[in-house]
Amino acid sequence: MVCTMAFLRALLSTARMIRHSPPLSAGLPADDAVLLDAPDEQLSPALVAAALGDHEPAAKLLATTRSSADWENRDRYLGRLVTFARHRDGWLTDWLAADPHDPDALLVKAELAVRRAWESPARAERLHEVGPMITAAAETDPRDPVPWRLALDHARGTHATHTAFESLWEQAIRRSAHHYGCHVAALRYLSAAWYGSHRECFDFAERAAEDALPDSLVQALPARAAFALLLDTQALGRTTSVLEERIDAAADAAIRLSAAYRPGDPWPAEVRNLLVYVLLARGRWAEALEQFTLIGQHATSFPWSSVSDDALGRFLDARDGARLQVASVTPLRNRADRGRPRGHYA
């Protein structure tokens, strides 16, 4: 009898998936329309020009963020330009040759050097060598918090003491008290994988989120703490009810933040991708599917590259999984369907 009931449940679940999967795809872009880390309309021309060896659009873009004190976009654009430069840096070489003291060129140079040092087997030694580049970038504009975010990442890799890290953190937030990148750098330092613990991570993230400006991405910082915990949980197979409550609270806060932005907006795309991962890990399928709809075509490398070599493929698989999970638990008919013939499974 038990086997029969399990078989019937499996049949019903399959029937539900077949019936409800197509409607649940409405609002989701086709797989081939989803782009990984798609640049926005400001960044795209700079990347295209860099591919052709022209650094001018990138220089203009970063100079504009600096002059307008648009530190959040400055950090985001810097990251994308450096990702490109890791494989094709001729445009950066030309830029530095043309203007070796340009503050934006120096910042790109420093970030690129730090990333390459992180990838080296001799990480700590290489990072120590690039320290003066970060200092040079920071000195070009005392207002800019982005070099200090870079300094925080650098400090984590060079095993800086808590005291040294706190000193850098003070310099960073003095320039921009709510800078998202600096908060992420601090959260990484405090993670269980480095110099803290999951509880410290959550404590820092939750306090920062409480102090954050309205609609600031810092409000999603607890979701990053939740992600780090979930990765460890999957590896170690254990957690606690208290931490699970904090994970769900982090997801709830990120859902509220996501609702403040329009569907398909590229700015909160990484936060929405992160939120989806957390929701799926907690079995909150319907809420995850709603976030996939809000994400639209904007898949992001983080968090998927942390769990797969094929970030875009993992994103698409997760989206399909959420859709099928929601379909499998949706009743075969709603109240309005009652009384209508629907075949064996009606």
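Just so we're clear, the structure is a prediction, and the values are computed from it rather than from any experiment.

Calculation notes
- Numbers given for residues are sequential positions, taken from 1 along each chain in its written order.
- Local features in this predicted model are restricted to residues whose pLDDT is 70 or higher, and side-chain atom pairs enter the listing and the counts only when it is 80 or higher, whereas totals over whole chains, interfaces and linings include all residues.
- Here the side-chain values reflect all heavy atoms present in the structure, with hydrogen atoms and water set aside.
- Strands are runs of DSSP state E lasting at least two residues, helices are runs of H or I lasting at least four, and both sets are numbered from the N terminus onward.
- Accessible area is worked out with a 1.4 Å probe on protein chains only. A residue is then buried under 20% of its type maximum, exposed over 50%, and partly exposed in between.
- All accessibility values rest on the Shrake-Rupley procedure with a 1.4 Å probe; residue burial counts only the protein chains present in the view.
- The definition of a nonpolar core used throughout is a set of buried Ala, Val, Leu, Ile, Met, Phe, Trp, Tyr and Cys residues joined through side-chain atoms within 4.5 Å.
- Throughout, a contact is declared for two residues whenever any of their heavy atoms are within 4.5 Å.
- The length a helix should cover is 1.5 Å for every residue beyond the first.
- Axis definition: a line fitted to C-alpha atoms, limited for helices to the stretch in contact. Angles are taken between N-to-C directions and run from 0 to 180 degrees.
- Should an angle lie under 35 degrees it is considered roughly parallel, over 145 roughly antiparallel, and from 65 to 115 roughly perpendicular; all remaining angles are considered oblique.
- Left-handed describes a crossing in which the near helix is turned anticlockwise from the far one by less than a right angle; the clockwise case is right-handed.
- Residue polarity is assigned by list, with Asp, Glu, Lys and Arg as charged and Ala, Val, Leu, Ile, Met, Phe, Trp, Tyr, Cys and Pro as nonpolar; anything else, Gly included, falls into the polar class.
- Each reported salt bridge corresponds to a side-chain nitrogen of Lys or Arg within 4 Å of a carboxyl oxygen of Asp or Glu.
- Confidence scores labelled pLDDT are given residue by residue by the predictor and lie between 0 and 100.
- Note on ring pairs: Phe, Tyr and Trp rings are taken, using the six-membered ring of Trp, and paired if centres are within 6.5 Å. Classes follow the plane angle, with under 30 degrees stacked, over 60 edge-to-face and the rest tilted.
- Two conditions define a charge located above a ring, namely a distance within 6 Å from the ring centre to NZ of Lys or CZ of Arg, and an angle within 35 degrees of the ring normal.

1. Details of the overall build of the protein
Point 1. Within the protein, the regular secondary structure consists of 17 helices and 2 strands.
Point 2. The buried share of the protein, taken over its 346 residues, is 47%.
Point 3. Approximately 17000 Å² of the protein is accessible, and the part contributed by carbon and sulfur atoms is 55%.

2. Some points on the nonpolar core
A general trend in soluble globular proteins is that nonpolar side chains are found buried together.
Point 1. Trp 91 and Phe 292 are the most contacted members of the largest nonpolar core, which totals 95 residues.
Point 2. Beyond its immediate stretch of four places on either side in the chain, Phe 292 contacts Leu 28, Val 276, Leu 280, Phe 315, Ala 318, Arg 319 and Ala 322.

3. Quick notes on helix α7 (residues 123–140)
Point 1. In this model α7 runs 26 Å from its N-terminal to its C-terminal C-alpha over 18 residues, within 8% of the 26 Å that 1.5 Å per residue would give.
Point 2. For α7, the full list of buried residues reads Leu 127, Val 130, Gly 131, Ile 134, Ala 137 and Ala 138.

4. Notes on the packing of helix α4 (residues 71–85) against helix α6 (residues 103–119)
Working note: a packed helix pair is described by the angle between its axes plus the distance between those axes.
Point 1. Contact geometry of α4 with α6 gives a least axis separation of 9 Å together with a crossing angle of 60°. With respect to α6, the axis of α4 lies oblique. Read as a crossing pair, α4 and α6 show a hand that is right-handed. Residue-level contacts link Arg 74, Leu 78, Gly 79, Val 82, Thr 83 and Ala 85 of α4 to Pro 103, Asp 104, Leu 107, Val 108, Glu 111, Leu 112, Arg 115 and Arg 116 of α6.
Point 2. Within the contact of α4 with α6, the residues separate by chemical class into 7 nonpolar, 2 polar and 5 charged.

5. Notes on the pattern of salt bridges
Point 1. For the coordinates displayed, the defined rule picks out 22 salt bridges.
Point 2. Among the salt bridges present, the one from Arg 174 reaches Glu 170, with a minimum N-O distance of 2.9 Å. Linking Arg 174 with Glu 170, this pair stays in helix α9 (residues 162–175), spanning 4 residues, or about one helical turn.
Point 3. Salt bridges sharing partners connect three or more residues here, namely Asp 75, Glu 111, Arg 115, Arg 149, Asp 153 and Arg 156.

6. Remarks on unusual backbone geometry
Trans is the common state for peptide bonds, and a negative phi is the common state for residues other than glycine.
Point 1. That bond from Phe 302 to Pro 303 is cis: its omega, 10°, falls within 30 degrees of zero.
Point 2. In this fold, Pro 303 is placed in helix α16 (residues 301–304).
Point 3. Of note, the phi angle at Ala 69 is positive, near 55°, even though the residue is not glycine.
Point 4. Looking at the secondary structure, you find Ala 69 in the loop between α3 (56–67) and α4.
Point 5. With relative accessibility at 34%, the residue Ala 69 sits in the partly exposed group.
Point 6. Despite not being glycine, His 159 has its phi angle at roughly 60°, a positive value.
Point 7. By the secondary structure assignment, His 159 is in the loop between α8 (146–157) and α9.
Point 8. Residue classification places His 159 among the exposed positions, given a relative accessible area of 52%.

7. Details of the confidence of the model for the protein
Point 1. Mean pLDDT over the protein works out to 89, with 86% of the residues at or above the 70 mark.
Point 2. Confidence drops under a pLDDT of 50 for residues 7–21, and excluding neighbours within four residues, the segment shows 27 contacts in the predicted structure.
Point 3. Counting contacts from residues 336–346, a segment whose pLDDT is below 50, to residues more than four positions away or on other chains yields 12 contacts.

8. A short note on the packing of aromatic side chains
Point 1. By the definition in use, this model includes 11 aromatic pairs.
Point 2. A ring pair is formed by Trp 304 and Phe 315, whose centres lie 6.0 Å apart and whose planes are at 80°; its orientation type is edge-to-face. Of the two residues, Trp 304 sits in helix α16 while Phe 315 sits in helix α17 (residues 311–329), which places them 11 residues apart along the sequence. The pair formed by Trp 304 and Phe 315 is uniform in burial state, with each residue classed as buried.
Point 3. Members of the aromatic cluster, connected to one another through ring pairs, are Phe 227, Tyr 277, Phe 292, Phe 302, Trp 304 and Phe 315.
Point 4. The ring of Trp 194 has Arg 156 sitting right over it, with the charged end atom 5.1 Å from the ring centre.
Point 5. Just above the ring of Phe 302 sits the side chain of Arg 224; from NZ or CZ to the centre is 4.2 Å.

9. Looking at the environment of Arg 115
Point 1. Structurally, the position occupied by Arg 115 is in helix α6.
Point 2. Those residues in contact with Arg 115 that lie beyond four places of it in its chain are Gly 79, Val 82, Thr 83 and Arg 86.

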